[in-house]
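# Fold and contact review
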Protein chains: 2
Amino acid sequence: MKNQQSVPYTEDVDLLSFDIFKSLTEEEVEELNQITICTLHKRGSIVYNEGSRINGTYIVVKGIVKIYKTGFDGKEQIIRFAKTGDLIGFRSVISNELACTTAKIIDETVLCYIPGEELTKLLKENSEFAMALMKLTCKELGEANKFLTDIAQKTVRERLAEVLLLLMDEFELDEDNTLQISLTREELANMVGTATESVIRLLSEFKADKLIELNGRKIKLLNIPKLIKVGNVYI
Amino acid sequence: MKNQQSVPYTEDVDLLSFDIFKSLTEEEVEELNQITICTLHKRGSIVYNEGSRINGTYIVVKGIVKIYKTGFDGKEQIIRFAKTGDLIGFRSVISNELACTTAKIIDETVLCYIPGEELTKLLKENSEFAMALMKLTCKELGEANKFLTDIAQKTVRERLAEVLLLLMDEFELDEDNTLQISLTREELANMVGTATESVIRLLSEFKADKLIELNGRKIKLLNIPKLIKVGNVYI
DNA sequence: GCATACACATGACATATATCACATTTTTAA
DNA sequence: TTAAAAATGTGATATATGTCATGTGTATGC
């Protein structure tokens with residue numbers, strides 16, 4: 001909890017470049033541009049906390065936001081990462097509940113804030129936008145169900161392999177086949193739903209099996225087909 | 001896979017009695033009544049299968065439907081139970097994806113089918129209805145996230161206690177404090193995300209600890225406060 | 001630049017839970 | 001009603017994974 005969580009962000013943001021706003025009319029985008037407030041957040045700062053009231057939603061313009069729940073013993077469970085173009089916080093606005101997750105910046109991030117009233121106004125006035133957001137939510141729900149099944153049925157080893165592949169899909173590899181996102185071992189553990197030590201050990205095993213190469217937090221995928229096999233990932 | 005999965009259901013159904021349709025106008029309900037086709041399904045029949053294309057949604061008029069995913073080794077993971085007033089299948093219609101779950105009848109059930117076009121038409125024309133459905137989806141998403149965290153972090157014992165309490169909330173107790181829904185041990189295991197034998201053993205332990213009383217598939221909750229404690233359930 | 005707090009790594013150990021095997025009981029269908 | 005198929009229950013056993021302890025390396029802030 002630092003004092004300065006965010007600073008104003010003055011550069012121009014083109015909201016229309018984000019898929020979710022594609023269905024808005026010119027006037028609606030214009031209005032949105034007037035209303036939104038953009039801020040720059042640095043690593044570690046909290047956007048909102050589980051249990052707090054959220055009065056609006058944020059669109060991620062740039063950067064990465066970690067969305068997680070805190071288990072009753074204080075352990076984090078990472079639900080997802082939001083990146084450029086993703087909306088965060090809207091779930092609570094729409095269901096009118098307290099935030100059920102915490103959003104924490106893990107890479108310097110630019111966020112634009114859209115007040116809840118503006119969001120609901122758009123949803124009411126523009127059914128296409130409403131459908132787009134609904135589609136998004138439904139997709140997320142589908143993913144959540146899949147993830148649930150995996151955690152319930154797969155071994156830690158399988159889940160770790162799967163998480164690496166998921167990170168590849170979400171954040172791409174660089175020319176060197178290295179994951180663009182770098183997470184701590186603890187964060188990986190909090191995605192997989194296991195202990196940090198287990199992740200460390202399994203990563204070493206994967207390395208020994210020539211599936212990956214490790215360089216600090218950088219993970220290079222050496223053998224993706226085999227990772228798919230290890231993770232029992234069916235596409 | 002029996003030949004006769006369902007038979008027509010002729011009795012009158014009052015769609016307006018379901019919360020989700022409360023926001024519809026009289027004409028919309030009238031139209032819906034014209035269009036919907038109601039059917040009676042018996043225990044064990046499949047409403048739709050994971051991976052199949054769904055062209056519409058069903059409202060549960062009466063009965064209980066088990067919604068589950070099948071893990072890669074064939075093991076079921078129960079996502080939720082749908083009961084009177086719940087919509088099933090709409091997720092796939094809206095996200096325009098194949099069904100990501102299977103819906104199976106576990107108690108004689110009456111379903112009314114609403115074609116996808118009718119659903120999307122209502123969503124487009126009636127923003128209040130759209131908001132209601134969105135609210136529902138967002139709530140489900142919140143629950144899915146909570147469940148995910150529990151499965152990832154809690155012990156099987158804790159989860160079983162929690163599932164019993166969840167079933168109490170969803171299906172109520174009779175005057176005798178007995179759960180109104182009766183599931184097989186395997187189904188309980190598929191909710192908790194564990195092996196059937198583990199559920200059997202843990203239920204015996206709960207019984208020995210005077211938390212519950214067992215009578216076939218009927219489970220009587222003897223000490224709810226202690227169950228809450230065992231499950232680390234915070235409300 | 002130094003100190004302090006993390007992050008990472010590895011070993012030893014405990015144990016919750018899965019798995020297998022086999023009775024017994026209950027349910028289902030013919 | 002009876003046979004077959006599920007579901008339930010219990011014991012023995014294996015093991016994946018969590019936990020604790022301890023050491024080294026590495027950021028990070030003052």
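The paragraphs below set out a description of the structure included in this document. A quick note: this is a predicted structure, and the numbers were derived from the prediction, not measured.

## Regarding the overall build of chain A
In terms of regular secondary structure, chain A is built from 8 helices and 9 strands. On C-alpha atoms alone, chain A measures out to a radius of gyration of 19 Å, which is about the 18 Å that the 2.2 N^0.38 rule sets for 235 residues. With the C-alpha coordinates aligned to their principal axes, the bounding extent of chain A is approximately 55 × 40 × 40 Å. The buried share of chain A, taken over its 235 residues, is 52%. Entry remark: accessible area of chain A is about 11100 Å², with carbon and sulfur atoms responsible for 49%. Taking the average place of the 30 positive charges on the side chains of chain A and the average place of its 37 negative ones, the gap between the two points comes to 9 Å.

## Section: the protein's contact with DNA strand C
Not every one of the 15 residues close to DNA strand C is listed here, only the nearest: Arg185 and Arg217 of chain A together with Val156, Thr194 and Ser198 of chain B. Of everything in DNA strand C that lies within 4 Å of the protein, sugar and phosphate atoms constitute 65%. Of all the elements in the fold, those that place two or more residues in the surface near DNA strand C are α6 (185-192) and α7 (196-208) of chain A together with α7 (196-208) of chain B. Per-element accounting of the surface near DNA strand C gives the leading share, 4 residues, to α7 of chain A.

## Quick word on the relation of the copies chain A and chain B
Rotating chain A by 180° and translating it 0.0 Å along the rotation axis places it on chain B, where the RMSD comes to 0.0 Å. Both chain copies can therefore be described as sitting about a two-fold axis. When the interface residues of chain A are mapped onto chain B, 100% of them are again interface residues, pointing to one common binding face.

## Details of the interface of chain A and chain B
With 42 residues of chain A at the interface, the matching set in chain B holds 42 residues. Taken together, both faces of the contact between chain A and chain B bury some 4200 Å²; the carbon and sulfur share is 74%. At the boundary of chain A and chain B, one finds 6 residue pairs in polar contact (both at pLDDT 80 or more). Elements supplying a minimum of two residues to the side of chain A that touches chain B: β4 (56-70), β5 (76-83), α2 (90-95), α3 (116-125) and α4 (127-153) of chain A. Here the element with the most residues in the side of chain A that touches chain B is α4 of chain A; it accounts for 21 residues. Residues that form the side of chain A that touches chain B fall into these classes: 17 nonpolar, 13 polar and 12 charged.

## Thoughts on empty space enclosed by the protein
Within the structure shown, the criterion is met by 4 cavities of 30 Å³ or more. Taken as a whole, the largest cavity encloses approximately 170 Å³ of empty space. Residue lining of the largest cavity: 17 residues in total, with Tyr48, Ile67, Arg80, Arg91 and Thr101 of chain A positioned closest to the centre. Looking at the lining of the largest cavity, the elements that each hand over two or more residues are β5, β6 (87-88) and α2 of chain A together with α4 (127-153) of chain B. With 3 residues, α2 of chain A is the largest single contributor of residues to the lining of the largest cavity.

## Some words on the pattern of salt bridges
Enumeration according to the criterion identifies 30 salt bridges over all chains in this entry. We note a salt bridge from glutamate 31 of chain A to lysine 121 of chain A, for which the minimum N-O separation is 2.4 Å. In this pair, glutamate 31 of chain A sits in helix α1 (residues 26-35) while lysine 121 of chain A sits in helix α3, placing the two residues 90 residues apart along the sequence. Judged by its relative accessible area of 29%, glutamate 31 of chain A falls in the partly exposed class. Of the residues examined, lysine 121 of chain A reaches a relative accessible area of 30% and is grouped as partly exposed. A salt bridge links glutamate 140 of chain B to arginine 80 of chain B; its shortest N-O distance comes to 3.8 Å. On the criterion of sequence distance, the pair formed by glutamate 140 of chain B in helix α4 and arginine 80 of chain B in strand β5 (residues 76-83) is long-range, its members being 60 residues apart. Residue classification places glutamate 140 of chain B among the buried residues on the basis of a relative accessible area of 16%.

How each quantity is defined
Residues numbered from 1 in each chain as written. Chains lettered and ligands numbered in written order. Predicted model: local features only at pLDDT ≥ 70, side-chain atom pairs only at ≥ 80, totals over all residues. Heavy atoms only, no water. Helix = DSSP H or I, 4+ residues; strand = E, 2+ residues; numbered from the N terminus. Rg over C-alpha atoms; globule rule 2.2 N^0.38 Å. Buried < 20%, exposed > 50% of the residue type's maximum accessible area, 1.4 Å probe, protein only. Areas by Shrake-Rupley, 256 points an atom, 1.4 Å probe, with all protein chains shown as cover. Lys, Arg positive; Asp, Glu negative; His and termini not counted. Charge placed at Lys NZ, Arg CZ, Asp CG, Glu CD. Near = heavy atom within 4 Å. Least-squares fit on C-alpha atoms with pLDDT ≥ 70 in both. Contact = heavy atoms within 4.5 Å. Buried area = accessible area lost by both parts, 1.4 Å probe. Polar contact = N/O pair within 3.5 Å; in protein donor to acceptor, adjacent residues only side chain to side chain. Nonpolar A, V, L, I, M, F, W, Y, C, P; charged D, E, K, R; others polar. 1 Å grid on protein atoms, 1.4 Å probe; cavity = no way out; pocket = protein on both sides within 12 Å on 5 of 7 lines; lining within 4 Å. Points joined across faces, edges and corners; volume = space filled by probe spheres on them. Salt bridge = Lys/Arg side-chain N within 4 Å of Asp/Glu carboxyl O.

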